[in-house]
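If you want the building blocks of each chain, they are given just below.
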Amino acid sequence: MTDDLKRLKAALQSAMPPIDETAKSRAVALAKKNFGARQETLAAARLTDDRPKERGGYLSGVKHMLNKIGLKPALYATSSLAIIGFGILLVNPVGFSLPTPERHTLSKPASVQKKSLTLPAAAPVMEPEVIVEDNAGDVTMAYDMAEAPSGLIAGAIAPPSIEQATRESLYAPNREQFSNAPTNPLKITADEPVSTFSIDVDTASYAYVRSAIMGGGLPRADAVRIEEMINYFPYDYAAPQGDLPFSTTVSVFQTPWNANTKLVHIGIQGRPAATLDRPPLDLVFLIDTSGSMQDAGKLPLLKQSFRLLLSRLNADDKVSIVTYAGSSGVVLEPTNANDKQTILAALDKLEAGGSTAGQQGLQLAYAQAGKMHESGRIGRILLATDGDFNVGISDPEALKKYVENKREGGTYLSVLGFGRGNYNDALMQSLAQNGNGTASYIDTLSEAQKVLVDQASGALFPIANDVKIQVEFNPAMVAEYRLIGYETRQLAREDFNNDKVDAGDIGAGHTVTAIYEITPVGSPAIRNAALRYQPDTQPADASGELGFLKLRYKTPGQTKSQLLTTPFTDTNAATDEARFSAAIAGFGQLLRDKKYLGDWSYAEAIALANSAKGADPFGYRAEAVTLMRLAQSLSK
Amino acid sequence: MRLTHTMRMETTDEILVNRAQTGDADAFAALVERHYGLIFRVAFAMLGNRTDAEDVAQDVAASLAGKLAGFRAEAKFSTWLYRVATNAATDRLRKRQSRRKAYDGWGDAEISSRAAQQEQSDNLGWLQTAMAALPHDLRQTVTLVLGEEMTHAEAAAALSLSEGTVSWRMSEVKKRLRALAKEEERIR
């Protein structure tokens, strides 16, 4: 060896710092934790299959090969094998909530968050000495008093059921956090004739509910957002006319759970995108590669999901990949979507490990999107994660603000949730909401197929932004009303005309459904008795209209909104589409808050859903019926 | 002597790997414990920064459970681990570079402050200059051949190269060091 090399060697060895034992034991502990997590996953997988599941297995190798060649039929044939695998994993109660002891910075017990007591819709009223009420009033009153406590429990206080409590303590710590608000109360038309809300095309709640029920437990009441359950299903509403981006259909029919009230069903159908003639896309996959993503239901499923998505992209679309864990980095610079080899290779290389510096990742993803930006193209970040951002951000509000600012730059943000255990639904939902995107929860490969393939165009191409709905009810016809679901989407009445107030977006081919339950004037189901000191001025209105529907939306890229209006009357007819959505609305209320359902139960929900299944080309509705049956058994 | 002998007899890496691959957590922990130093040394030699080296060592440790499943006993475990560690360190360099163009390892102030403390400023300063002057591939080779005292054949196996390439790289290192020395003399 020459002197130079000797010198280099000596210098290198003497410069070597001693090993820091704290750092070492931290690393060893992390390694052990990940090892344990992996074993659990493997053990569960071996319930069906004794062969080591990881890369290198013969079948996965073959699938790999087929995927890369791009043989779609073969892909689907083999992917059904993968579904069997994941299906079995879900049978394990609660999935795999891995203990993550060092990650507790943001966690708060979900049940403590944003809870407030709501009064039952009709608070017990002192009976006056004079009996002027008719019998119906008394009946309603008795019903309220009997039902109110259970309503309160389901909707507002929501202590975990025994079954839930056991699950959570056995698999502690479960750090899932949900975003919800108290169930919308019944409103008196005369007092408050106007109802305003933003549309919501998220579907995360339904997939979450499904994953809970398939895991052998009822979902927590605060995990149930009824509008997301309803909107999970595609409906076949009338197609839009002329240049309008969407159509609106209003039908009114009898409430399945109450013979004396009616449902006002508002169905919005977005114009389908001609897939061949769409603007090119710039996609940034922002992928969480923190240690907890190692589960089979997380990173591996995510990789497969993105593979599915690649099959739907055109040659002029571009893809870039950013990952975040302890630190974040660009894994794939913008690459044309037809260069599948490069993209797949980059995806394959992803490994899970470390903590979750989500904010840094988000910043990098926006920077990357900014770099790709060109006019005439649509920029979108697809954030795939299993949970919260525990490094680098202590204030979720600041993060929301950041996303909101970036939205102005024209880049959309959608969130794909994976796995259970520390899923931070609240943060994910509000990020997607503020980023003008959708939040979906992916628990199986078939769900990935639905979100990223079957409904890809809706998820990727907005056709109307900031869509708000305002309904004014006619007090001459409608005594009381309540909006089913949309609790987290309520807007102030004046926000409807304020174009600065953000609201939900409709994607190509999306359908959005909103359902009101109304109590006609004179119905025995009226819950609020007339007041003693208020003048009973029943406005006269001969129009026969039940109400007036107003919609505001912005064409993508514009800042000024357009207004659509239509009065509606009692159509007294319902299509299968509307009836199925009513069955899901009932199902959601059974899971969340039964207050308004009387003795209507799962049996009726199942019968109604079955009778309204329609063509059901993807089998989503049949699956919903299965879930209802399971929930029925679980609730006994 | 005797003690060392018993230690050697203890349990080979290969046995531990085997146990770990079939789910033995203690064997896995022993493996990580035993080789943390190796990963850290490689990372430090490549990056010249202690904090970064600790980060890389932790990342490698964290992902080892998953990676181990892909390890087939075609190579010695330590050889394979050297490859994993050098790759991880290289990745870290790349990531750093994509964010901060100038960063190339061995450029941080930490070394100089250490140098001042230890009054070895001459040697360390030189080391810093020398390492910074070497491109990735050469630095990788130096890390294994000089830092870890591997033979060219061993280094070649760890880096998935031919032995000839490693030898060629080392002679390239020699050339560059000589050029550096000439430069130094010229300045003096």
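So, how was this worked out
Residues numbered from 1 in each chain as written. Chains lettered and ligands numbered in written order. Predicted model: local features only at pLDDT ≥ 70, side-chain atom pairs only at ≥ 80, totals over all residues. Heavy atoms only, no water. Helix = DSSP H or I, 4+ residues; strand = E, 2+ residues; numbered from the N terminus. Buried < 20%, exposed > 50% of the residue type's maximum accessible area, 1.4 Å probe, protein only. Areas by Shrake-Rupley, 256 points an atom, 1.4 Å probe, with all protein chains shown as cover. Pairing = 2+ DSSP bridges. Axes fitted to C-alpha atoms, helices over the stretch in contact; angles between N-to-C directions. Contact = heavy atoms within 4.5 Å. Buried area = accessible area lost by both parts, 1.4 Å probe. Salt bridge = Lys/Arg side-chain N within 4 Å of Asp/Glu carboxyl O. Parallel < 35°, antiparallel > 145°, perpendicular 65-115°, else oblique. Nonpolar A, V, L, I, M, F, W, Y, C, P; charged D, E, K, R; others polar. Phe/Tyr/Trp six-rings, centres within 6.5 Å; stacked < 30°, edge-to-face > 60°. Lys NZ or Arg CZ within 6 Å of the ring centre and 35° of its normal. Right-handed = clockwise from strand over helix to strand, strands pointing away. pLDDT = per-residue confidence, 0-100. Expected span 1.5 Å × (residues − 1). Left-handed = near helix turned anticlockwise from the far one by under 90°. Core = buried A, V, L, I, M, F, W, Y, C linked by side-chain atoms within 4.5 Å.

## Here we look at the overall build of chain A
Link 1 in the chain: Regarding its fold elements, chain A presents 18 helices and 16 strands.
Link 2 in the chain: Expressed as a percentage of the 636 residues in chain A, the buried residues total 55%.
Link 3 in the chain: Accessible surface for chain A amounts to roughly 25,900 Å². Of this, 57% is attributable to carbon and sulfur atoms.

## Description of the overall build of chain B
Link 1 in the chain: Assigned secondary structure in chain B consists of 10 helices and 0 strands.
Link 2 in the chain: Starting at the N terminus and ending at the C terminus, chain B contains elements arranged as α-α-α-α-α-α-α-α-α-α.
Link 3 in the chain: The proportion of buried residues among the 188 residues of chain B is 46%.
Link 4 in the chain: Of the roughly 9,500 Å² of accessible surface on chain B, 49% is carried by carbon and sulfur atoms.

## A few points about the sheet that holds strand β5 (residues 281–288) of chain A
To summarise the sheet geometry, strands pair through backbone hydrogen bonds and adopt either a parallel or an antiparallel arrangement.
All names here are of chain A.
Link 1 in the chain: Spatial ordering of the open sheet is given by β7-β6-β5-β8-β9-β10, a layout of 6 strands whose pairing is mixed. Each having just a single partner strand, β7 (328–336) and β10 (439–442) make up the two edges of the open sheet. With strand direction ignored, the average angle separating the axes of adjacent strands in the sheet is 20°.
Link 2 in the chain: Summarising the sheet, strand β6 (residues 318–324) and β7 pair through 6 bridges and their orientation is antiparallel. Directly across from Thr 323, in β7, lies its bridge partner Gly 329.
Link 3 in the chain: On top of the sheet, helix α10 (residues 340–348) reaches β5, β6 and β7; it is set at about 165° to β7, its chief contact.

## Digging into the interface of chain A and chain B
Link 1 in the chain: At the interface, 40 residues of chain A touch 46 residues of chain B.
Link 2 in the chain: Taking both sides of the interface into account, the surface hidden between chain A and chain B amounts to around 4,000 Å²; carbon and sulfur atoms contribute 67%.
Link 3 in the chain: On the chain A side of the interface with chain B, the three residues burying the most area are Leu 8, Leu 12 and Phe 35 of chain A, jointly 16% of the side's total.
Link 4 in the chain: Put simply, chain A and chain B have 1 salt bridge between them.
Link 5 in the chain: When the shortest N-O distance is used, the salt bridge between Lys 9 of chain A and Glu 149 of chain B registers 3.5 Å.
Link 6 in the chain: Breaking the side of chain A that touches chain B down by element, the ones donating at least two residues are α1 (3–15), α2 (21–45) and β7 of chain A.
Link 7 in the chain: Among the elements that take part in the side of chain A that touches chain B, α2 of chain A stands out by supplying 12 residues, more than any other.

## Some words on the packing of α1 of chain A against helix α8 (residues 136–147) of chain B
Link 1 in the chain: Contact geometry for α1 of chain A and α8 of chain B: axes closest at 10 Å, N-to-C directions at 85°. Between α1 of chain A and α8 of chain B, the angle falls in the class roughly perpendicular. Together, Leu 5, Leu 8, Lys 9, Leu 12 and Gln 13 of chain A of α1 of chain A and Val 142, Leu 146 and Gly 147 of chain B of α8 of chain B make up the contact between the two elements.
Link 2 in the chain: Grouping the amino acids of the contact of α1 of chain A with α8 of chain B by side-chain chemistry returns 5 nonpolar, 2 polar and 1 charged.

## Observations regarding the packing of aromatic side chains
Residue and element names in this part refer to chain A.
Link 1 in the chain: Taken as a whole and judged by the stated rule, the model has 24 aromatic pairs over all chains.
Link 2 in the chain: Among the aromatic residues, ring-to-ring pairing joins Phe 197, Phe 473, Tyr 481, Tyr 486, Tyr 516 and Phe 568 into one connected group.
Link 3 in the chain: It is Lys 450 that lies over the ring of Tyr 232; its NZ or CZ is 3.7 Å from the centre.
Link 4 in the chain: Positioned over the ring face of Phe 580 is Arg 621, at 4.6 Å from the centre of the ring.

## So, the pattern of salt bridges
It is possible for side chains bearing opposite charge to pair when their charged atoms get close.
Link 1 in the chain: In total, this model carries 26 salt bridges over all chains according to the counting rule given.
Link 2 in the chain: Ionic pairing is found between Asp 576 of chain A and Arg 579 of chain A, a salt bridge with its closest N-O pair at 2.9 Å. With Asp 576 of chain A and Arg 579 of chain A both in helix α16 (residues 576–592), this residue pair falls 3 residues apart, about one helical turn.
Link 3 in the chain: Judged by relative accessible area, Arg 579 of chain A falls into the partly exposed class, the value being 24%.
Link 4 in the chain: Glu 54 of chain B is the salt-bridge partner of Arg 50 of chain B, the closest N and O atoms lying 3.6 Å from each other.

## A look at the pairing of β6 of chain A
Residues and elements named next belong to chain A.
Link 1 in the chain: The buried fraction of β6 is high, at 6 of 7 residues.
Link 2 in the chain: Strand direction decides the pairing type here: β5 and β6, joined by 7 bridges, are parallel. When the sheet's bridge partners are listed, Asp 288 is paired in β6 with Tyr 324.
Link 3 in the chain: Note that the unit made of β5, helix α9 (residues 299–310) and β6 has a crossover that is right-handed.

## A few points about the confidence of the model for chain B
Residues and elements named next belong to chain B.
Link 1 in the chain: Averaged over all residues, the pLDDT of chain B is 79; the fraction at 70 or higher stands at 79%.
Link 2 in the chain: Looking across chain B, the model is least confident in helix α1 (residues 2–9), with a mean pLDDT of 42, and most confident in helix α3 (residues 25–47), with 91.
Link 3 in the chain: With pLDDT under 50 throughout, residues 1–9 is counted as low confidence; its partners more than four residues away or in other chains account for 0 contacts.
Link 4 in the chain: A low-confidence stretch, residues 108–120 stays under pLDDT 50, and its non-local contacts, those more than four residues away or across chains, total 19 contacts.
Link 5 in the chain: For this predicted complex, the interface confidence score (ipTM) comes to 0.83, while the overall pTM stands at 0.51.

## As for the confidence of the model for chain A
In low-pLDDT regions, the fine details of the predicted coordinates are not to be read closely.
Link 1 in the chain: Model confidence for chain A is summarised by a mean pLDDT of 75, while 72% of its residues fall at 70 or above.
Link 2 in the chain: Here residues 46–174 of chain A is modelled with pLDDT under 50, and outside its nearest four sequence neighbours on either side it reaches 172 contacts, counting other chains as well.

## Structural notes on the environment of Phe 548 of chain A
All names here are of chain A.
Link 1 in the chain: For Phe 548, the location among the structural elements is in strand β15 (residues 547–554).
Link 2 in the chain: Separated by 21 residues in sequence, Phe 548 and Thr 569 place their C-alpha atoms 9.0 Å apart.
Link 3 in the chain: Other than its neighbours up to four places away in sequence, Phe 548 contacts Gln 470, Val 471, Glu 472, Thr 565, Thr 566, Pro 567 and Phe 568.

## Digging into the environment of Phe 496 of chain A
All names here are of chain A.
Link 1 in the chain: Along the polypeptide, Phe 496 turns up in the loop between β12 (478–484) and β13 (504–507).
Link 2 in the chain: Taking the relative accessible area as the measure of exposure, Phe 496 reaches 1% and is therefore buried.
Link 3 in the chain: Separated by 28 residues in sequence, Phe 496 and Lys 468 have C-alpha atoms that sit 6.5 Å apart.
Link 4 in the chain: Not counting the four nearest positions on each side in its chain, Phe 496 is found in contact with Thr 196, Lys 468, Ile 469, Gln 470, Lys 550, Leu 551, Arg 552 and Leu 563.

## Things to note about α16 of chain A
Link 1 in the chain: When the terminal C-alpha atoms of α16 of chain A are compared, their 24 Å separation across 17 residues agrees well with the 24 Å that a helix rising 1.5 Å per residue should span.
Link 2 in the chain: A large share of α16 of chain A lies buried, amounting to 15 of its 17 residues.

## Quick look at the pairing of strand β2 (residues 194–198) of chain A
Link 1 in the chain: A large share of β2 of chain A lies buried, amounting to 5 of its 5 residues.
Link 2 in the chain: Because side chains alternate across β2 of chain A, one face comprises the buried residues Val 194, Thr 196 and Ser 198 of chain A, and the other comprises Ser 195 and Phe 197 of chain A, equally buried.

## A closer look at the packing of α16 of chain A against helix α17 (residues 602–611) of chain A
All names here are of chain A.
Link 1 in the chain: Interhelical geometry of α16 versus α17 gives an angle of 155° and a closest axis separation of 8 Å. One finds that α16 runs roughly antiparallel with respect to α17. α17 is crossed by α16, and the crossing has left-handed handedness. Residue-level inspection shows Asp 576, Arg 579, Phe 580, Ala 582, Ala 583, Phe 587, Leu 590 and Leu 591 of α16 in contact with α17, the latter providing Tyr 602, Ala 605, Leu 608, Ala 609 and Ser 611.
Link 2 in the chain: Looking at side-chain class alone, the contact of α16 with α17 contains 10 nonpolar, 1 polar and 2 charged residues.

## Quick look at the nonpolar core
Link 1 in the chain: Formed by 68 residues in total, the largest nonpolar core has its most connected members in Phe 306 and Tyr 516 of chain A.
Link 2 in the chain: When residues of this core are assigned to their parent elements, the largest contribution, 7 residues, is made by α9 of chain A.
Link 3 in the chain: Phe 306 of chain A has contacts with Phe 285, Ile 287, Leu 347, Leu 382, Ala 384 and Leu 416 of chain A, leaving out every residue within four places of it along the chain.
Link 4 in the chain: By size, the runner-up hydrophobic cluster in this structure holds 66 residues, among which are Ala 31 of chain A together with Phe 28, Ala 45 and Ala 89 of chain B.

## As for the environment of Ile 463 of chain A
All names here are of chain A.
Link 1 in the chain: With respect to the secondary-structure elements, Ile 463 resides in strand β11 (residues 462–473).
Link 2 in the chain: Separated by 218 residues in the primary sequence, Ile 463 and Pro 245 place their C-alpha atoms 6.2 Å from one another.
Link 3 in the chain: Ile 463 has contacts with Pro 245, Gly 270, Arg 271, Ile 506, Gly 507, Ala 508 and Pro 556, leaving out every residue within four places of it along the chain.

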